[in-house]
Structures are given as structure tokens and as C-alpha cells.
Amino acid sequence: NFHLQDRQYFIKAKNNQTIVRLKSNTLSLPIVMQAGWNRICIDLRSLSSRAFGVEFKACTMIRVFCNCRLWKLFFQAEDYADDELPLYLRVIEAS
């Protein structure tokens, strides 16, 4: 979630829905997961602009539920290919 002008916005990513839902301050996105590890990139700047018409400033909280297994979670300013990331952030092992 993030705050802007005394208003809080929420972006939720779920794998138990099939359509995008938008309420006044909540965007709910479907996520399709494949077997094994998945890399998911969520562009917060683009989503906040397109969904709420506001400029993204900062993320104030990330909530991960106990039935979700994460290996790594990080923020990045640009979308990088896996081989452009440092070794410790890569999803696919270098050979």
C-alpha cells in the first residue's frame, strides 16, 4: 500500500481470481503461477498512474501471507533481465 495526499491506496496480487478489480482505493490483480519458482515484477509507478490517476511516491508496507513461500523480494527502479542482476538476486542459476 502507499499514501498520497492523505489517502492510502492498495495494490493486491492474488492467484485466486481471474479478472482485475478496481475500487476507489484498491486494485486487485490476478496472478497466474506456474509449477516451480516464479518471477513476478509489479510496476508500481505504472499501476498507480493507470489505476488511480496518481503518481507513485513510496511503498509503506508489503504484506505476505503465511501460505506464500518467497525466496527473494526486492524493489528496483527498472526492469532488468535475470542475467543483468547480481548473482545473489537471480532466479535462474548461472551455468
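Residues numbered from 1 in each chain as written. Predicted model: local features only at pLDDT ≥ 70, side-chain atom pairs only at ≥ 80, totals over all residues. Heavy atoms only, no water.

K.L.:
So, the overall build of the chain: which residues are in play, and what are the values?
P.N.:
On a plain count of helices and strands, the chain comes out with 1 helix and 4 strands. Written out in order from the N terminus, the α and β elements of the chain read β-β-β-β-α. Among the 95 residues that make up the chain, the fraction classed as buried is 22%. Within the chain, counting contacts between residues at least 6 apart in sequence, those at least 24 apart form 39% of the total. (Helix = DSSP H or I, 4+ residues; strand = E, 2+ residues; numbered from the N terminus. Buried < 20%, exposed > 50% of the residue type's maximum accessible area, 1.4 Å probe, protein only. Contact = heavy atoms within 4.5 Å.)

K.L.:
Just give me the short version of the nonpolar core, but keep the residues and values in it.
P.N.:
Of all hydrophobic cores here, the largest spans 9 residues; its members are Y9, I11, L27, L29, L44, L47, F52, V54 and F56. When residues of this core are traced back to their parent elements, those giving at least two are β2 (7–14), β4 (26–30) and α1 (44–52). (Core = buried A, V, L, I, M, F, W, Y, C linked by side-chain atoms within 4.5 Å.)

K.L.:
Requested: an account of the packing of aromatic side chains, with residues and values cited.
P.N.:
Scanning the model with the defined rule gives 2 aromatic pairs in all. With a centroid separation of 4.7 Å and 40° between ring planes, the pair formed by Y9 and F52 is classed as tilted. With Y9 in strand β2 and F52 in helix α1, the pair connects residues that are 43 residues apart, well separated along the chain. Each member of the pair Y9 and F52 is classed as buried. An angle of 40° between the planes, with centres 6.3 Å apart, marks the rings of W37 and W71 as tilted. Highlighted residues: W37 in the loop between β4 and α1 and W71 in the segment after α1, separated in sequence by 34 residues. (Phe/Tyr/Trp six-rings, centres within 6.5 Å; stacked < 30°, edge-to-face > 60°.)

Interpretation in functional terms is not warranted from these geometric data alone.
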